[in-house]
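Given next are the chains, with one letter for each unit.
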Amino acid sequence: MSEPKTKSKIRKEAVSMPKQKPEVRRRNFDEVALGYVEEQALAEADRCLQCPKPECIKGCPVEIDIPAFIKLIREKKFDESIRKIKEKNSLPAICGRVCPQEEQCQQFCVLGKAGDPVSIGRLERFVADWERQKGIDAPDKTQSTGKKVAVIGAGPAGLTAAADLAKFGHKVVVFEALHLPGGVLMYGIPEFRLPKSIVQAEVDYVKKLGVQIRTDCLVGRTYTIPELLGREFDAVFVGTGAGLPQFLGLPGENLGGVYSANEFLIRVNLMKAYAFPEYDTPIKIGRHVVVIGGGNVAMDSARSALRLGAEEVCIVYRRSREEMPARLEEIQNAEEEGIICKFLAAPTRFIGDEKGWVKQMECICMELGPPDESGRRRPVPVEGSEFIMDVDTVVVAIGRTPNPIIQRTTGGLEVTREGTIVADENGRASIEGVYAGGDIVTGEATVISAMGAGKKAARAIHEYLMKK
Amino acid sequence: MYKILAKKELAPKIKLVEICAPEIAEKAQPGQFVILRVDEKGERFPLTLVDWNRSKGTISLIFLEVGVSTTKLGGIGIGEDILDVVGPLGNPSEIGRYGLVCIVGGGVGTASAYPIARALKEVGNRVVSIVGAKTAGLIILEDEMRKVSDELFISTDDGSRGYKGFVSDVLKTLIGKGYAFNLVYAIGPAVMMRANAEVSRPYNIKTIVSLNSIMVDGMGMCGACRVNVGGETRFACVDGPEFDAHKVDFGELIKRQMMYTSEEKLALERWEKRRSSCCE
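Residues numbered from 1 in each chain as written. Chains lettered and ligands numbered in written order. Predicted model: local features only at pLDDT ≥ 70, side-chain atom pairs only at ≥ 80, totals over all residues. Heavy atoms only, no water.

Trainee: What's the story with the overall build of chain B in this structure? I'm lost.
Mentor: Within chain B, the regular secondary structure consists of nine helices and 17 strands. Compactness check: chain B gives a C-alpha radius of gyration of 18 Å against a globular reference of 19 Å for 280 residues, within 12% of the reference. Once the C-alpha set of chain B is aligned to its principal axes, its extents read approximately 60 × 40 × 40 Å. Relative to its full complement of 280 residues, chain B shows a buried share of 59%. (Helix = DSSP H or I, 4+ residues; strand = E, 2+ residues; numbered from the N terminus. Rg over C-alpha atoms; globule rule 2.2 N^0.38 Å. Buried < 20%, exposed > 50% of the residue type's maximum accessible area, 1.4 Å probe, protein only.)

Trainee: What exactly am I supposed to notice about the overall build of chain A here?
Mentor: The helix and strand tally for chain A stands at 16 helices and 16 strands. Its C-alpha radius of gyration of 23 Å places chain A within 12% of the 23 Å reference for a compact globule of 468 residues. Along the three orthogonal principal directions, the C-alpha set of chain A runs to about 65 × 60 × 50 Å. Burial statistics for chain A: of 468 residues in total, 58% are counted as buried. Intrachain contacts of chain A at a sequence separation of at least 6 include 70% that bridge at least 24 residues. In the form shown here, chain A has an accessible surface area of approximately 19,000 Å², with 50% of it arising from carbon and sulfur atoms. The average position of the 65 basic charges and that of the 65 acidic charges among the side chains of chain A differ by 3 Å. (Contact = heavy atoms within 4.5 Å. Areas by Shrake-Rupley, 256 points an atom, 1.4 Å probe, with all protein chains shown as cover. Lys, Arg positive; Asp, Glu negative; His and termini not counted. Charge placed at Lys NZ, Arg CZ, Asp CG, Glu CD.)

Trainee: Can you walk me through the interface of chain A and chain B in this structure?
Mentor: Note on interface size: it is often stated as the accessible area lost on association of the parts. Contact residues are listed per partner, giving 47 residues for chain A and 48 residues for chain B. With both sides pooled, the region where chain A packs onto chain B buries about 4,000 Å², and carbon together with sulfur makes up 53% of that total. The largest contributions to the chain A side of the interface with chain B come from A:R221, A:N254 and A:D280, which together make up 19% of the buried area. In this structure, the salt-bridge partner of A:E227 is B:K27, at a minimum N-O distance of 2.6 Å. At the junction of chain A with chain B, the criterion picks out 26 residue pairs in polar contact (both at pLDDT 80 or more). Contributing elements (two or more residues each) for the side of chain A that touches chain B: strand 5 (242–245), strand 6 (258–260), helix 11 (261–270) and helix 14 (405–409) of chain A. When residues of the side of chain A that touches chain B are assigned to their parent elements, the largest contribution, four residues, is made by helix 11 of chain A. When its residues are assigned to classes, the side of chain A that touches chain B shows 22 nonpolar, 12 polar and 13 charged. (Buried area = accessible area lost by both parts, 1.4 Å probe. Salt bridge = Lys/Arg side-chain N within 4 Å of Asp/Glu carboxyl O. Polar contact = N/O pair within 3.5 Å; in protein donor to acceptor, adjacent residues only side chain to side chain. Nonpolar A, V, L, I, M, F, W, Y, C, P; charged D, E, K, R; others polar.)

Trainee: Would you take a moment to explain unusual backbone geometry for this structure?
Mentor: Glycine aside, residues mostly have negative phi, and peptide bonds are mostly found in the trans state. Here the amide bond leading from A:F276 into A:P277 is cis, since omega sits at 5°, within 30 degrees of zero. Relative to the helices and strands, A:P277 is located in the loop between helix 11 and strand 7 (288–292). Of note, the bond from B:G87 into B:P88 is cis; its omega dihedral lies within 30 degrees of zero at -5°. With respect to the secondary-structure elements, B:P88 resides in strand 8 (residues 84–89). For A:Q50, which is not glycine, the phi torsion reads 55° and is therefore positive. In this fold, A:Q50 is placed in the loop between helix 2 (38–45) and helix 3 (66–74). Positive phi values are uncommon outside glycine, yet A:K76 reaches one of about 60°. Here A:K76 lies in the loop between helix 3 and helix 4 (78–86).

Trainee: How should I be thinking about the pairing of strand 9 (residues 100–106) of chain B in this particular structure?
Mentor: For a regular strand, the rule is simple: side chains alternate between the two faces of the sheet. Residue and element names in this part refer to chain B. Of all the seven residues making up strand 9, seven are buried; the element is thus mostly covered by neighbouring parts of the structure. Side chains L100, C102, V104 and G106 of strand 9 all project onto a buried face; the interleaved residues V101, I103 and G105 project onto the opposite face, where all are buried too. When strand 9 meets strand 10 (residues 126–133), the two strands line up parallel, connected through seven bridges. Residue pairing across strands places I103 opposite S129, the latter belonging to strand 10. In this fold, the crossover linking strand 9 to strand 10 by way of helix 3 (residues 109–122) has right-handed handedness. Two strands pair when backbone bridges link them, and strand 9 and strand 13 (residues 183–187) are joined in this way by five bridges, in the parallel orientation. Paired with V104 across the bridge in strand 13 is A186. (Pairing = 2+ DSSP bridges. Right-handed = clockwise from strand over helix to strand, strands pointing away.)

Trainee: I'm lost on the environment of A:A457 in this one. Help?
Mentor: All names here are of chain A. One can find A457 in helix 16 (residues 447–467). Under the relative-accessibility criterion, A457 is labelled buried at 0%. Put simply, A457 and I440 are 17 residues apart on the chain and 13 Å apart in space, counted from C-alpha to C-alpha. Not counting residues within four places of it along the chain, the set of residues in contact with A457 comprises F237, N426 and Y435.

Trainee: Explanation requested: the sheet that holds strand 4 (residues 235–238) of chain A in the structure shown.
Mentor: What links the strands of a sheet is backbone hydrogen bonding, and the strands pair in either a parallel or an antiparallel sense. Residues and elements named next belong to chain A. Read from one edge to the other, the open sheet built from five strands follows the order 3-2-1-4-16, with strand pairing classed as parallel. Either end of the sheet is taken by a strand with one partner, and the two such strands are strand 3 (212–214) and strand 16 (434–436). Taken over all neighbouring pairs, the strand axes of this sheet differ in orientation by 20° on average, direction set aside. The pairing of strand 2 (residues 171–175) with strand 3 spans three bridges and is parallel. In the strand pairing of strand 3, V173 is matched with Q212. Packed on one face of the sheet, helix 16 meets strand 1 (148–152), strand 4 and strand 16 and runs near 170° to strand 4. (Axes fitted to C-alpha atoms, helices over the stretch in contact; angles between N-to-C directions.)

Trainee: I'm lost on the environment of B:E264 in this one. Help?
Mentor: Within the element layout of this structure, B:E264 appears in helix 9 (residues 261–279). Sequence separation between B:E264 and B:G67 is 197 residues; the distance between their C-alpha atoms is 6.0 Å.

Trainee: Where do I start with the side chain of A:R327 in this structure?
Mentor: Residue and element names in this part refer to chain A. For R327, the position within the fold is in the loop between strand 8 (312–316) and helix 13 (328–336). By relative accessible area, R327 is classed as buried at 4%. At a separation of 3.0 Å, a polar atom in the side chain of R327 contacts the main-chain carbonyl oxygen of C99. For R327, the residues in contact, after removing those within four places along its chain, are R97, V98, C99, P100, Q101, E102 and N296.

Trainee: Explanation requested: the state of the cysteines in the structure shown.
Mentor: On inspection of all chains with the given rule, the structure shows zero disulfides over all chains. In this model A:C105 remains outside any disulfide bridge; the closest cysteine sulfur is found in A:C60, 6.3 Å from its own. We note that B:C20 lacks a disulfide partner, and the nearest cysteine sulfur, in A:C217, lies 15 Å from it. (Disulfide = S-S within 2.5 Å.)

Trainee: Looking at this structure, I do not really get the pattern of salt bridges. What am I missing?
Mentor: Any two side chains of opposite charge can pair, given that their charged atoms come close. Residues and elements named next belong to chain A. Scanning all chains against the criterion turns up 59 salt bridges over all chains. One salt bridge in this structure joins R327 and E329, with 3.3 Å as the shortest N-O distance. Take E329: its relative accessible area is 34%, and that puts it in the partly exposed class. Between R349 and E362 there is a salt bridge, with the nearest N and O atoms lying 3.4 Å from each other. Linking R349 in strand 10 (residues 345–352) with E362 in strand 11 (residues 358–371), this pair joins segments that are 13 residues apart in sequence. On the basis of relative accessibility, which here comes to 35%, the residue R349 falls in the partly exposed class. Residue E362 is classed as buried on the basis of its relative accessible area of 16%. Salt bridges sharing common partners tie together K19, R25, R193, D300, R303, R307, E330, E336 and E337.

In structure tokens, the structure reads:
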């Protein structure tokens, strides 16, 4: 038997993750992070203290038994390890890649106090990839309850709710408006950060649980929620995500070459515009690309633009680096690839050529004033500091507001002034049998928080159906 | 998969397809559209619903083969499938009792105007329609429009049928003759819609246009279809597609519609080259 570990024997540094070299990856769409090989995973798993009262689990919105799955990796029982994760999380290869673990499970890891926390996300990714490469086992089917639930939106919240509801034994049909399931995982997050074949494989796993997915079906139009409840479904979960792109409201914003990040990323990811003209959907990338915003979507857009052949990509952000909402890892990746960040600057107008195409952007310098309601220091324009940048393409990545279609077509559904659906902590909305979770309730947030909301709602729906 | 059940060439390069899509047929209303994706590598693009049959579960679409997507669609035979069709999308037309209404259809836009004319007629409006095209051979849905109109006027740019000139010229003439329209619907190319808006503006006649902006998802996600209406940015897919013609910035719309002209040409050429090489 091995001796119980003491902190002093533990390596302070996490095993680093192999990555494609910046000078290579900046021109291809292949995945940047390559994942641990077995020895690396074993070494990293070995760092886990197996705390008797694990803190890390508190940071996981989907409640994975983290020490248990890591222990199984250590014992080389990868099969059992992935099964342990899948008790709680049906999308581990996705979470292992895109969760901001540094703000969640890893933030609570005891090792983080005097070194790097255990790389929980990388380990999750390792076992998920290990399983996918050998072929994903068909899950056990639960006995049917005879109840039927409609899930609207096949994104992170909807897929999680659907998987959990199926595990409870309910019949689940997911209605997806686009032609492919996955939501933001498919149309938003780029291939180099989350390969679409992986999303497809995890969606297939959810299907194996017995979930039926219907694409090309826009609830609110093709069917309405009252119709779904009236016809065949006992409950509905709404996970329609963040929708309409926000714009700056500046002169020249509708010029050609000014994209919302949503349009830019949908063209590239969902429609594969990077392979135009083999694929029919085009995208225009000039020499100088500017991305406005400081979140993960801005990073994804900037890095995509670089891979599409832009000579220079510049991120313009109105606050400073410290306030950037993007994950540190993504900012570092972007900078390594040669993306320039221009802090404390904001656009004031876009200037077009005679054909209606953007050619220049006027900006103004900002300085940071006292904190605003978000707790971050408010950017204040510096009078007379305007300057002009030459641009061929602009991507506006300043956030999204909720898609309005469900709210407009569901009488009696309580909605906030911002357009999000009102739901309690278990996802219960104002109509009996209707639940909601993810960005449609919280406004724009992360994949994992949407998954957590899907999970909670699934549990609440299960309780509701069993009492009904 | 959505099967094509019937197909007809109405005029050179203008085709009608009837598609099996029971869920869309069930909900379709005048003014709404669908988004299609013909095949795995295809674009998503919008087409207005022209007709639907709820009992048969079919919808009809009319399109001009102009780019790679519509050309591909035109190449699909009866009994073959379209990969994706989603809808009905957009807000339906407001079908009310207005009194005397004028429906103006320009080119293939007549196809979009037809279900609106029919619905307005059904609720008891007096419908005067103007249908125009470049030349006589390109006039579509003449019989259908005649059936749902109290009066029908035809115009062609070259004078080969009806009045020689634009549909907007006919509208102007009719207003001049004392037709007191309470509502004008103008649907067609952006320049045609703009021309009609300018004709009705001095008379303060409520005028509605249906905007054919570039769309990708068509359901409120991408913002490609944004238009300036009364100084505000609106999304044609979820706020439209119909807007007050007198408030639309058509100049901007036209420029935005031309954003991908060179790419569209390239994609079409490439596809036609491929098609001819595999036919040889």
